[in-house]
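Coordinates in review
Each chain, written out:
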Amino acid sequence: MSNALPIAAIATAPGRGGIGVVRVSGPSLRAYVRALLGRDLTPRHAHYLPFTDADGQAIDEGIAIYFQGPSSYTGEDVLELQGHGGPAVLKRLLARCLEAGRGIGLRLAEPGEFTRRAFLNDRMDLAQAEAVADLIDASSEAAARGAMASLSGEFSQRVTALADRIVHLRMLVEATLDFPEEEIDFLEKYQARPTLQALRADLDVLIAQARQGVILREGLHVVLAGQPNVGKSSLLNALAGDDIAIVTPIAGTTRDKVVQEIHIDGVPLHIVDTAGLRDTDDTVESIGIARTWKEIERADVILHLQDATAPGDTLDADITARLPARTPVLAVFNKIDLLPAPPRLGANQIGISAKQGQGLDALRARLLQLAGWNPGAESPWLARERHLHALQAARDHLDIAAEHASHDDRVLDLFAEELRLAHDSLSSITGRFTSDDLLGEIFSSFCIGK
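Please read these numbers as outputs of a predicted model, since none were measured by experiment.

With respect to the overall build of the protein chain
Scanning the protein chain from N- to C-terminus turns up 15 helices and twelve strands. Buried residues in the protein chain amount to 47% of all 450 residues. A total accessible area of about 21800 Å² is found for the protein chain, and carbon and sulfur atoms account for 51% of it.

Structure, rendered in structure tokens:
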């Protein structure tokens, strides 16, 4: 993929709409704009004009805006043609743009290529570029606010400030290594230990906020598991507030998974209703049960639904024994409305009535707790798993640096090396030290036209 060649794509979502946008980006597009539209455009001014084919026949009419680089989204010259949002019209307009640009090598953009060029041309850092996709994909107001905060640079500024402090400490170490004849006790004179401890504490705060940001972005994969007829489908419908899953008294009604996304306090939860777990000779139901166990292996949280009117069931005990030990499990006793008195439950148990709505608020609160969500420490920005891994790697390197600083036979070059590795880990978040393979993976998940 060459960044020297101009690119074009439809920038609006597929389907019918009132407005559609075709975007072109590349170096020095003035001559191309004149050839395509038959006139020059004043940069950053809206021009209402017809869009015509090579024979002068009208394709559409709308607004053309020319942004001269580097004052554009990509940092290159950008042309946006805003017309009517019909798919056929936009395809014809895109084809005309590509036809007019054959002489300059204009080609169809790859997914995320406009934003990738914005990153490569220093219009935004990598965390901000990722926030563009997160803002598009945001499924709640809280997620949209967090993505916008990341796009505006709040997260990047926090990361960069920490990285700069590490660089300052590292400079002092390197200076000491360069002039050993001075016999300066670096750790004492420059208060390296307190500085390092403050860095670790501030990084811990950033890691905690990043965990909240990851939850807000990615949500929680919650699997409803249990015997047939314990109320899994009823619970899914109650949490979703709609009749998503079929509910009947016939055992084995649910043969395949049913997935529904809900939001609790802005946090997305992907609730998966599964086939009831039991021994069966039914071939189709057996396939559904096998898929249930696969979903259970992928779960972030397992809700093991049980019938409160039939405690101590041996099949429930067998299911509990097979659940993965690494995954949080909440035992949910359904149908408590049929009991003469509230059941006595343990710490990882909760009683509900999916039919009557009893205990659902408590269940929602427990789900957020199991997700690790802390409303009092809500992240002001979204984060991704790769950000969290990078932050934790930086924390680990600072811990090793602290160990070197505490030894009597401390070795400053090892201390400096751990600081360098911590700095590199933080810099990978904003893209200062990022492999091309990672860039390809990140931007391939974007939509074409962005």
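Here's the deal with the sheet that holds strand β4 (residues 58-67)
Hydrogen bonds along the backbone pair up the strands of a sheet, which may run parallel or antiparallel. With mixed pairing, the six strands of this open sheet are ordered in space as β3-β4-β5-β2-β1-β6. The open sheet has two edge strands, β3 (46-52) and β6 (107-108), and neither has a second partner. Strand direction decides the pairing type here: strand β2 (residues 20-26) and strand β5 (residues 77-83), joined by seven bridges, are antiparallel. Its bridge partner being in β5, Ser 25 is matched across the sheet by Val 78. Strands β2, β3, β4 and β5 of the sheet are contacted by helix α1 (residues 30-37), whose axis makes an angle of about 25° with β5.

As for the nonpolar core
Of all hydrophobic cores here, the largest spans 34 residues; its most connected members are Leu 196, Leu 203, Leu 391, Leu 398, Phe 415, Leu 419 and Leu 426. Contributing elements (two or more residues each) for this core: α6 (154-178), α8 (192-218), α13 (385-406) and α14 (412-430). Residue contacts for Leu 203: discarding those within four places in its chain leaves Leu 162, Leu 391, Ala 394, Arg 395, Leu 398 and Leu 426. Core analysis: the next-biggest nonpolar cluster, separate from the first, contains 32 residues, Leu 220, Leu 303, Leu 305 and Leu 367 among them.

Description of the packing of aromatic side chains
Under the criterion given, the structure shown has three aromatic pairs. The interplanar angle of 35° and the centroid separation of 6.4 Å between the aromatic rings of Phe 119 and Phe 443 together place this pair among those described as tilted. Remark: Phe 443 occurs in helix α15 (residues 436-443) and Phe 119 occurs in helix α3 (residues 113-120); sequence separation between them is 324 residues. Phe 119 gets classed as buried once you look at its relative accessible area, which sits at 10%. Ring geometry for Phe 443 versus Phe 446: centroids 5.3 Å apart, planes at 50°, classification tilted. What links up through ring pairs into an aromatic cluster is the set Phe 119, Phe 443 and Phe 446. Directly above the ring of Phe 114 sits Arg 23, whose terminal nitrogen or CZ lies 5.4 Å from the centroid.

Observations regarding the side chain of Arg 386
If you trace the backbone, Arg 386 turns up in helix α13. When its relative accessible area of 18% is taken as the criterion, Arg 386 is described as buried. Here Ser 428 takes part through its backbone oxygen, which lies 3.0 Å from a polar atom of the side chain of Arg 386.

Let's talk about unusual backbone geometry
A cis amide bond links Gly 69 to the next residue, Pro 70, at an omega of 5°. By the element assignment, Pro 70 lies in the loop between β4 and β5. In the Ramachandran plot, Asp 122 falls in the positive-phi region, its phi being about 65° despite a non-glycine side chain. In this fold, Asp 122 is placed in the loop between α3 and α4 (126-137). The exposed category is assigned to Asp 122, whose relative accessible area is 71%. The backbone of Asn 229 shows a phi angle near 65°, a positive value even though the residue is not glycine. Relative to the elements of secondary structure, Asn 229 occurs in the loop between β7 (220-226) and α9 (232-240).

Focus: the environment of Pro 268
Within the secondary structure, Pro 268 is located in strand β9 (residues 267-273). For the pair Pro 268 and Leu 216, spaced 52 residues apart in the sequence, the C-alpha separation amounts to 6.8 Å. Those residues in contact with Pro 268 that lie beyond four places of it in its chain are Ser 139, Ile 215, Leu 216, Arg 217, Glu 218, Gly 219, Leu 220, Glu 261, Ile 262 and His 263.

Some words on the pairing of β3
By the bridge criterion, seven bridges tie β3 to β4 in an arrangement that is antiparallel. Paired with Phe 51 across the bridge in β4 is Asp 60. With antiparallel pairing between neighbouring strands as the criterion, β3 and β4 make up a hairpin whose turn holds five residues, including Gly 56 at a positive phi of roughly 85°.

Thoughts on the pattern of salt bridges
A full pass over the atoms with the stated rule returns 22 salt bridges. Lys 335 serves as the salt-bridge partner of Asp 307, at 3.5 Å between the closest nitrogen and oxygen. With Asp 307 in strand β10 (residues 301-307) and Lys 335 in the loop between β11 (329-334) and β12 (349-351), this pair connects stretches of sequence that are 28 residues apart. Judged by relative accessible area, which is 16%, Asp 307 ranks as buried. The partner of Arg 395 in a salt bridge is Asp 399, and the shortest N-O contact between them spans 2.0 Å. Highlighted residues: Arg 395 and Asp 399, both in helix α13, separated by four residues, approximately one helical turn. Residue class for Arg 395 comes out buried when judged on its relative accessible area of 13%.

The rules behind each value
Residues numbered from 1 in each chain as written. Predicted model: local features only at pLDDT ≥ 70, side-chain atom pairs only at ≥ 80, totals over all residues. Heavy atoms only, no water. Helix = DSSP H or I, 4+ residues; strand = E, 2+ residues; numbered from the N terminus. Buried < 20%, exposed > 50% of the residue type's maximum accessible area, 1.4 Å probe, protein only. Areas by Shrake-Rupley, 256 points an atom, 1.4 Å probe, with all protein chains shown as cover. Pairing = 2+ DSSP bridges. Contact = heavy atoms within 4.5 Å. Axes fitted to C-alpha atoms, helices over the stretch in contact; angles between N-to-C directions. Core = buried A, V, L, I, M, F, W, Y, C linked by side-chain atoms within 4.5 Å. Phe/Tyr/Trp six-rings, centres within 6.5 Å; stacked < 30°, edge-to-face > 60°. Lys NZ or Arg CZ within 6 Å of the ring centre and 35° of its normal. Polar contact = N/O pair within 3.5 Å; in protein donor to acceptor, adjacent residues only side chain to side chain. Salt bridge = Lys/Arg side-chain N within 4 Å of Asp/Glu carboxyl O.

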